[in-house]
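# Survey of secondary and tertiary structure
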Amino acid sequence: MYAKIETECLVYIRTNQVRLRAEEYVHLRDAMQSDNNVENLGRLVILPSNFTGSPRYMHERTQDAFCYVRKYGRPDLFITFTTNPKWIEICRELLTGQASYDRHDIIARVFHLKLKLMINLLTKDKVFGSTLCFMYSVEWQKRGLPHAHILLWLVDKIRPEAIDR
């Protein structure tokens, strides 16, 4: 179903390039002016920045991350939060004979609920102390399991000797 929806979005983008004002994109104009040979460019389909995963989307998110670093400095903690396919919440919902990799929907839901809980523990419950800000990125591993990379900026920096505490 996801592939079907994604295909429909891409077809809409491809057939509505004029409506999406793709000809106004600066980089496209620069490429055409420097080359002036449209045949070398192939079929032009510009993905908008609100299409998740497109180069422009990734560029905007990278620029947002740079703003955090410019304002708050380097992050204090880099935390990787991974999915365990044997979490009791996942196993409890499986039917007889099913394995966790058969139910990606359950894995994704449980992961996102636990991720929200983890973010709340880090920020609201102040496990490492008060936080200035945080950001995270969710990725899918090759095995089909999601994991998150969390960056955390703390008010009071953690010293190396305090890590074990």
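Scroll up for the structure.
Okay, so let's go over this structure. Every value quoted in this text rests on a predicted model; they were computed, and no experiment measured them.

Below, the discussion takes up helix 5 (residues 104–123). Under the 1.5 Å per step criterion, the end-to-end length of helix 5 is 28 Å for 20 residues, consistent within 8% with the ideal 28 Å. By the burial criterion, the buried members of helix 5 are Ile106, Ile107, Ala108, Val110, Phe111, Leu115, Ile119, Leu122 and Thr123. Looking at the packing, one finds that the buried side of helix 5 touches strand 1 (77–82), helix 4 (88–93), strand 2 (131–140) and strand 3 (146–154).

This part is about unusual backbone geometry. Its identity is not glycine, yet Lys126 carries a phi of approximately 55 degrees, on the positive side. Examined against the element boundaries, Lys126 turns out to sit in the loop between helix 5 and strand 2. A residue is classified by how much of its surface remains accessible, and Lys126, at 46% relative accessible area, is partly exposed.

Within soluble globular proteins, side chains that are nonpolar tend to cluster in buried spots. Ranked by size, the top nonpolar core spans 17 residues in total, and within it Phe81, Ile90, Leu115 and Ile150 carry the most contacts. Among the secondary structure elements, those contributing two or more residues to this core are strand 1, helix 5 and strand 3. The dominant element in this core, judged by the number of residues it contributes, is helix 5, at seven residues. If we ignore the near neighbours within four places in the chain, the residues touching Ile90 are Asn84, Pro85, Ser100, Ile106, Ile107 and Val110.

Definitions and limits used
Residues numbered from 1 in each chain as written. Predicted model: local features only at pLDDT ≥ 70, side-chain atom pairs only at ≥ 80, totals over all residues. Heavy atoms only, no water. Helix = DSSP H or I, 4+ residues; strand = E, 2+ residues; numbered from the N terminus. Expected span 1.5 Å × (residues − 1). Buried < 20%, exposed > 50% of the residue type's maximum accessible area, 1.4 Å probe, protein only. Contact = heavy atoms within 4.5 Å. Core = buried A, V, L, I, M, F, W, Y, C linked by side-chain atoms within 4.5 Å.

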